[in-house]
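# Fold and geometry: a report
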Amino acid sequence: MEAKKLYITTAIPYVNGTPHIGNALDYLLADIWARYQTQNGHQVRYQVGTDEHGNKIAAKAAELGIAPQAYTDQQYVHFKNLMEKVGASSTDFIRTTDAHHVASVQYLWQVLQPHIYKDIYEGWYCIGHEAFFTDKEVQEMAGVCPDHQKPFEHVKEENYFLRCSDFTEQIRTAINDGTMEIYPDFRKKEFLELIKDGLADVSISRPRKSLSWGIPVPNDPDQIMYVWLDALSNYITVLGYPDNPDWQNYWPADVMVIGKDILRFHAGIWPAMLLGAGLALPKKLLVHGFINVDGAKISKSVGNTIDPVEVIDNYGLDAFRYYFSRHVPTLEDADFTWEKFENAYNNELGNDLGNLLSRVSSMITKYQAGVIGESAQTEHDMSQYHDSMNSLQFNRAIDEVWNMVRSLNQYIDNVKPWEVAKGIGKDPEAEAHLSEILAHCAGALLQIGDLLVPFLPTTATAIHAQFDSGVVKPLDGVLFPKKYIHTPDPHAAK
RNA sequence: CGCGGGGUGGAGCAGUCCGGUCAGCUCGUGUGGCUCAUAACCACAAGGUCGCAGGUUCAAAUCCUGCCCCCGCAACCA
């Protein structure tokens, strides 16, 4: 297969806050794809980063009595830690305060000049949202933002606007003909519906007096760029745009991973920016859903947040990756409960896979002094797995791996190696037969290990280490030991 | 009539495009088997008016009509 240069991106979180499970999901999905493509011999660039400009950052920094940059310097680390924690094999990390990014965005602005115009913006502004609201909305809320408990300010100011409306037709066509695919299909429909009256022009700057912490507009010292232009550009500036020509090897992105809440920006404003700058559109937008906890939306005020770090520290990295790749459907919303999580951990990882590895290792050790015999390699049909991976339905792909795990457990019970072992010494063919059976088991586990590389890298390595050399080492403990932190231990003494 | 998704055994889902081979899968529950293994694994069983009501058809979870309910978006708490 020809090695291709591929590029996958994740949304960059706003550093005003702590990382949450949704960020972790972004990194995980992108990572699964990146590892899968790398395994298939492609060269992958995988971008992550942090969004660090805006009034909320400035306000928070002022509250703490430090400079905005000092504040983001201490905040971005939390996100970087999370990426490492979930095992993200990212190749590029960007902060929107990076000098290169700042300069590149200013360059991009100039390229976009023909599609930028200045206009008066008049409306109601909420500092908490960093957004404008219509007269009607403000009336309904009686002039006070319910989320932030602050009155809306009436503002009349000069802003620069990006003429997204120039590109409505091109974008619609690209979405419809698959030049820029939106996965899943229902999100595509949702978005097309949203823009049926055309894309609205968007404000892309604000006067410095209203927005101090951001990238200055070139040639207009009084204006600062508004968040989206700054943040969205990261996907190309991180590649080196415009000065490092290598960016052209990786743009357009093959997959952009985003949450359903930001589809409109990534399918509307961002493509308009790209088209305006004469750049290609990304090939696919992978839109994932949200994670609910105990059936309810995650909310800090309700206090039902799930800390990905806690999950990983208690159960291990692969347990985390397993649950969020298999039990969280890639394209839809999902529910997390500790009970579901722990059941999946104990039953599926422990009993199905971990125990399978134990029983096979044990038999090879016990019956053959650890030596794995020769076996005709029977290739399991993997088309379902690969189809699912290619259509970005990772949960279905890993389901397929579990079908193999189950089949292998069934196989062992059918052929009963322990019975065959009893025949050694009596039946002249027993030894060869047993060797063949166990070699088949080891081979199947190795194959399972290969398929798990994108999902459970640690486990895949462990399986490989166990069988790869042809000699099984005595097991050093077990994979996925039982844990009963959130569910009752069924074997506990009464 | 704003837009979208969904309602299938106790739970979570597949199947719906192309009607029959469909009522399926995983978990849970029960019974049995086995002993290589993490009190695991394997087999079998119980359990469903496929949201409701009409219609089309020899035949509907699947197609048509109407209705009810849940969720999401619109409305950057992700």
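See above for the structure.
The sections below set out a description of the structure shown in this document. (Residues numbered from 1 in each chain as written. Chains lettered and ligands numbered in written order. Predicted model: local features only at pLDDT ≥ 70, side-chain atom pairs only at ≥ 80, totals over all residues. Heavy atoms only, no water.)

### Description of the protein's contact with RNA strand B
Neighbouring RNA strand B are 42 residues, the closest being Asp261, Phe290, Gly354, Asn355 and Leu479. The protein-proximal atoms of RNA strand B, defined as those within 4 Å of the protein, are 71% sugar or phosphate. At 3.3 Å, a side-chain N or O of Lys260 approaches a sugar or linking oxygen of RNA strand B. Within the contact set of RNA strand B, a phosphate oxygen lies 3.3 Å away from a side-chain nitrogen or oxygen of Asn347. Of all the secondary structure elements, the ones that give two or more residues to the surface near RNA strand B are α7 (185-194), α14 (338-368), α16 (394-415) and α17 (417-422). (Near = heavy atom within 4 Å. Polar contact = N/O pair within 3.5 Å; in protein donor to acceptor, adjacent residues only side chain to side chain. Helix = DSSP H or I, 4+ residues; strand = E, 2+ residues; numbered from the N terminus.)

### Quick look at the layout of surface pockets
Size it by volume and the second largest pocket reaches roughly 270 Å³. Along the walls of the second largest pocket sit 15 residues, with Lys4, Trp33, Gln37, Lys284 and Asn390 positioned nearest its centre. For the lining of the second largest pocket, the secondary-structure elements that each account for two or more residues are α1 (21-39) and α15 (383-390). At 3 residues, α1 tops the list of elements feeding residues into the lining of the second largest pocket. Residues of the lining of the second largest pocket, tallied by class, amount to 7 nonpolar, 4 polar and 4 charged. (1 Å grid on protein atoms, 1.4 Å probe; cavity = no way out; pocket = protein on both sides within 12 Å on 5 of 7 lines; lining within 4 Å. Points joined across faces, edges and corners; volume = space filled by probe spheres on them. Nonpolar A, V, L, I, M, F, W, Y, C, P; charged D, E, K, R; others polar.)

### Concerning empty space enclosed by the protein
Taken as a whole and assessed by the stated rule, the structure comprises 1 cavity of 30 Å³ or more. What the largest cavity holds in volume is close to 30 Å³. Residue lining of the largest cavity: His53, Gly54, Leu211, Trp213, Gly214, Ile215, Met225, Tyr226, Val227 and Asp230, and that is the complete set.

### Regarding the pattern of salt bridges
In the structure shown here, the tally under the stated rule is 22 salt bridges. One salt bridge connects Glu52 with Arg95, and the closest N-O pair in it is separated by 2.7 Å. You can see Glu52 sitting in the loop between β2 (43-50) and α2 (55-64) and its partner Arg95 sitting in strand β3 (residues 92-95), a full 43 residues away along the chain. When sorted by exposure, Glu52 lands in the same class as Arg95, which is buried. Residue Asp185 pairs with Lys188 through a salt bridge whose shortest N-O separation is 4.0 Å. Of this pair, Asp185 and Lys188 both sit in helix α7, 3 residues apart, which is roughly one turn of the helix. Taking the relative accessible area as the measure of exposure, Asp185 reaches 47% and is therefore partly exposed. By sharing partners, the salt bridges in this structure join Asp31, Arg35 and Arg321 into a single network. (Salt bridge = Lys/Arg side-chain N within 4 Å of Asp/Glu carboxyl O. Buried < 20%, exposed > 50% of the residue type's maximum accessible area, 1.4 Å probe, protein only.)

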